[in-house]
Amino acid sequence: MYWYAMKSHDIRHNLATEQYLMNNKKFDEPLVLFYYEGPCIIVGRNQNTLEEINQKYVDEHNITVTRRLSGGGAVYQDLGNLCFSFVVDSDSEEFGDFKSFVQPIVDALHAMGAKTAEVSGRNDILVDGKKFSGNAMYSHSGKTFSHGTLMLDVDQDVIAHALNVPADKMKSKGIKSVRSRVTNLKPYLAPEYQNLTVPEFRDTLLKELFHVDNLDAIADKEVQISDDEKGAIDEIFNQYYSNWDWVYGNSPEFTVKKRQHFTAGTIDARLLVEGGKIKNIKFYGDFFGPSDVTELADKLQGVRYDREHVGAVLKAVDTQKYFNGIDVDDVLTLLVD
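What counts and how
All residue numbers refer to position in the chain's written sequence, counted from 1. Reporting in this predicted model follows two pLDDT cut-offs: at least 70 for local features of residues, and 80 or more for side-chain atom pairs to be given and counted; totals over whole chains, interfaces and linings ignore these cut-offs and use all residues. Think of the side-chain values as coming from all heavy atoms in the structure, minus any hydrogens and water. Counting from the N terminus, the helices are the DSSP runs of H or I reaching at least four residues and the strands are the DSSP runs of E reaching at least two. Think of it in three bands: with a 1.4 Å probe and only protein chains considered, a residue is buried below 20% of the maximum accessible area for its type, exposed above 50%, and partly exposed in between. Every residue pair with non-hydrogen atoms within 4.5 Å of one another is taken to be in contact. Per-residue and other accessible areas were derived by the Shrake-Rupley procedure at a 1.4 Å probe size, with only the shown protein chains allowed to occlude residues. Segmentation into domains, and thus their bounds, comes from an automatic or database assignment. Once two parts are brought into contact, the accessible area they lose, counted with a 1.4 Å probe and summed over both, makes up the buried area. By salt bridge we mean one thing: a side-chain nitrogen of Lys or Arg within 4 Å of a carboxyl oxygen of Asp or Glu. Whenever two N or O atoms come within 3.5 Å, that pair is a polar contact, provided that in protein one can donate a hydrogen and the other can accept it, and provided that, for residues adjacent in sequence, both atoms are side-chain atoms.

Attention now moves to the overall build of the chain. Check the secondary structure of the chain and you find 11 helices and 14 strands. Over its C-alpha atoms, taken along the principal directions, the chain stretches across nearly 75 × 45 × 30 Å. Within the span of the chain, comprising 337 residues, buried residues form 51% of the whole. Taking all contacts inside the chain whose residues are at least 6 apart in sequence as the whole, residues at least 24 apart take part in 70%. Counting every atom, the chain has about 15,800 Å² of accessible surface; 46% of that belongs to carbon and sulfur.

This brings us to the domain arrangement of the chain. Considered domain by domain, the chain is made up of domain 1 (2-248) and domain 2 (256-336). Of note, the centres of domain 1 and domain 2, computed from C-alpha atoms alone, are 38 Å apart. Taken together, the contact between domain 1 and domain 2 spans 5 residues of the former and 9 residues of the latter. Surface buried jointly by domain 1 and domain 2 totals about 700 Å² across both partners, of which 64% is contributed by carbon and sulfur atoms. At the junction of domain 1 and domain 2, the tally comes to 0 salt bridges. Connecting domain 1 to domain 2 are 0 residue pairs in polar contact (both at pLDDT 80 or more).

This paragraph deals with helix α11 (residues 328-336). Listing the buried residues of α11 in full gives V328, V331, L332, L334, L335 and V336. Turning to α11, the residues buried within the fold contact β12 (254-262), β13 (265-274), β14 (277-285), α9 (294-300) and α10 (307-315).

Structure representation (structure tokens):
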């Protein structure tokens, strides 16, 4: 088995590296990757991004949002989480057989004291019945990767805010995440492992996986990435993981219902969003205004459904003509938050 520990702490760059190594490197043995990153949310390939995240909270807390190639649900990660990925020939493992892929990790965790860690359900690893690892899989051109999370010491308070979207406000045909009871792995490790940093945890797992006492013993198995290859990875980063069209625009069509009562009247907005942009919007309510509100609805068609772009349209017109007595910032917050 070969191995590579990514240097970047940007999830978008790490996913780009994973994609490049899978598609462009030739290996005569499986490859295991490890990476960890700053606060981020990664949605599954078939999900509606806006339906999975609390966009307002994400923006306020500078949480990176991206979409991965594999399916499954949305996950939150921070520097207390370690990701792993196994890359193999597609014919060497059956697609969807998560247990075979993650069993080496489970065995390593058993050796570190987490004796109750076990593969459960379709794609989770649990400890004492609580989830600390979710896994997803992707195949392309004869290769398969199975990647997963290991929540060593993640800020769980953030998860509840960042991935909390009221179910009655947005509906789509995107694959919904299943929220599970989650826990950090740290308290379940043997005492000598409970103070490990994430890099130390990663290196310990590597030694367990390779059955060696130090990483020098497997230095010849470490993958090297050239400057030209780094350039190719940057291209994937730009084409996919930092690209709005991939992260948001790739979402399935969805509907949004926003309703709020103001002193000057009630606004009930119904939106149809496709490809991350407003395809259609209608306003209902008992508000007053000298102009026909359909004029504003027409201006919003084709606009990216986010605070920046919707706000630019609203602030370029006199919204008092449509919603007399209601502040433009209140209208913006109603529509996008």
